[in-house]
Amino acid sequence: MKQQKRQIKFLERKEIEHLIDGIEPEGFRGTRDRALMEVLFSTGMRIHEALALQVDEMRILLEEKGTSEFPIIGKGGWQRVIFFSPRAKQAIKVHLPFREEFKEDEDRLFPITPRCAQLMVKRRAKQVGLEKRITPHVFRHSLATDLLRKGVDIRFVSEFLGHRSINNTMIYTHVVNEQLRSIHKKIYK
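Residues numbered from 1 in each chain as written. Predicted model: local features only at pLDDT ≥ 70, side-chain atom pairs only at ≥ 80, totals over all residues. Heavy atoms only, no water.

Enquirer: Just to check I follow, could you spell out the overall build of the protein for this structure?
Expert: Within the protein, the secondary structure is distributed over ten helices and two strands. Ordering the α and β elements of the protein from the N terminus gives α-α-α-α-β-β-α-α-α-α-α-α. Against the compact-globule benchmark of 16 Å for 189 residues, the protein has a radius of gyration of 18 Å, which places it among compact chains. Every one of the 189 residues in the protein was classed for burial, and the buried ones make up 44%. (Helix = DSSP H or I, 4+ residues; strand = E, 2+ residues; numbered from the N terminus. Rg over C-alpha atoms; globule rule 2.2 N^0.38 Å. Buried < 20%, exposed > 50% of the residue type's maximum accessible area, 1.4 Å probe, protein only.)

Shown next as structure tokens:
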């Protein structure tokens, strides 16, 4: 019997940008929410990994120009390198002064719980009119989908996500299958 493939929820890059750009980059919550979403999409981190980021580590990272590498310990205690885009770093820079004003004694960059992050993402999506069910993990799926659509080899996508086996990354082949169908349709009309 054929096994049903797991349906992956993801956002198109334009939807991600619409969601993030819909947040006013003002005040503590606005800058925090915007920075967290930028980080999730840029790095492909799981929510608990993003919420563990330390302010002091980010200050060092922000001194670098362009895209920055950053080692983390991910799921299962496995180390991997993640990448912060200039856009994500800029969002963190904008947030830091507000964060320091309200959370001086906290070492974490985003001192909230995973549940708080989940509710925030849902609320922000509703505010900009996105009807899809969106969670922090959708940013991870969206990054993987975006990379594959841009032609990045699935082995590299697997590395970006920190998957121990490429089989875990195969759930994203729905994107490749869509592209293959389109190519086949053009060739064999």
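Enquirer: I'm lost on helix H1 (residues 13–21) in this one. Help?
Expert: For an α-helix, 3.6 residues make a turn, and residues three or four places apart therefore share a direction. Listed as buried for H1 are Glu 15, Ile 16, Leu 19 and Ile 20. Axial view of H1: buried residues confined to an arc of 130°, hence all on one face. Residues of H1 that are buried in the fold lie against helix H2 (27–43), helix H5 (86–102), helix H6 (114–127) and helix H7 (136–149). (Arc of directions from axis to C-beta. Contact = heavy atoms within 4.5 Å.)

Enquirer: Would you mind showing me how to read a nonpolar patch on the surface here?
Expert: A grouping of Ile 183, Ile 187 and Tyr 188 is seen on the molecular surface, where their side chains present a nonpolar patch of about 360 Å² in accessible area. Mapped onto the secondary structure, Ile 187 falls in helix H10 (residues 173–187). (Patch = residues over 30% accessible without salt bridge, like charges linked within 9 Å, V, L, I, M, F, W, Y side chains within 5 Å. Areas by Shrake-Rupley, 256 points an atom, 1.4 Å probe, with all protein chains shown as cover. Salt bridge = Lys/Arg side-chain N within 4 Å of Asp/Glu carboxyl O.)

Enquirer: What should I look at first to understand the nonpolar core in this one?
Expert: Counting residues in each nonpolar core, the largest one holds 49 residues, and the members touching the most others are Leu 36, Val 39, Leu 53, Phe 84 and Ile 92. The contacts of Val 39, once residues within four sequence positions are left out, are Gly 44, Met 45, Ala 50, Leu 53, Phe 84, Ala 88, Ile 92 and Phe 110. (Core = buried A, V, L, I, M, F, W, Y, C linked by side-chain atoms within 4.5 Å.)

Enquirer: Help me out: how do you make sense of H6 in this one?
Expert: The end-to-end C-alpha distance of H6, which contains 14 residues, comes to 20 Å, matching closely the 20 Å that a straight helix rising 1.5 Å per residue would cover. Inspection of H6 places Ala 117, Met 120, Val 121, Arg 124 and Ala 125 among the buried residues, and these make up the whole buried set. Each buried residue of H6 sits inside an arc of 130° when the element is viewed along its axis, so together they form one side. In H6, the exposed positions angled more than 90 degrees off the buried face are occupied by Lys 122 and Lys 126. Looking at the buried residues of H6, the elements they touch are H1, H2, helix H3 (47–51) and H7. Following H6 by one or two positions, Gly 129 adopts a phi angle in the positive range, close to 85°. (Expected span 1.5 Å × (residues − 1).)

Enquirer: Would you explain the pattern of salt bridges in this entry?
Expert: Pairs may arise between side chains of opposite charge once their charged atoms sit close together. In the structure shown here, the tally under the stated rule is 16 salt bridges. In this structure, Arg 149 engages Glu 12 in a salt bridge whose closest nitrogen and oxygen atoms are separated by 2.4 Å. Within this pair, whereas Arg 149 is found in helix H7, its partner Glu 12 is found in the segment before H1, the two being separated by 137 residues in sequence. Look at Arg 149 and you get partly exposed, because its relative accessible area is 30%. For Asp 153, the salt bridge goes to Arg 155, with nearest N and O atoms at 2.8 Å. Accessibility expressed as a relative area gives 55% for Arg 155, which makes it exposed.

Enquirer: What should I look at first to understand the packing of aromatic side chains in this one?
Expert: For any pair of aromatic rings, the description consists of the separation of the ring centres together with the inter-plane angle of the planes. In total, this model carries two aromatic pairs according to the counting rule given. Between the aromatic rings of Phe 70 and Phe 84, the centroid separation amounts to 6.0 Å while the plane-to-plane angle is 80°, which identifies the pairing as edge-to-face. Taken together, the residues span a long stretch of sequence, with Phe 70 in strand S1 (residues 68–73) and Phe 84 in strand S2 (residues 79–84) at a distance of 14 residues. Note on Phe 70: relative accessible area 10%, which makes it buried. For the pair Phe 83 and Phe 160, a centre-to-centre distance of 5.8 Å together with 70° between the ring planes defines the contact as edge-to-face. Placement of Phe 83 in strand S2 and of Phe 160 in helix H8 (residues 154–161) is noted, with a sequence separation of 77 residues between them. Given a relative accessible area of 29%, Phe 83 falls into the partly exposed group. (Phe/Tyr/Trp six-rings, centres within 6.5 Å; stacked < 30°, edge-to-face > 60°.)

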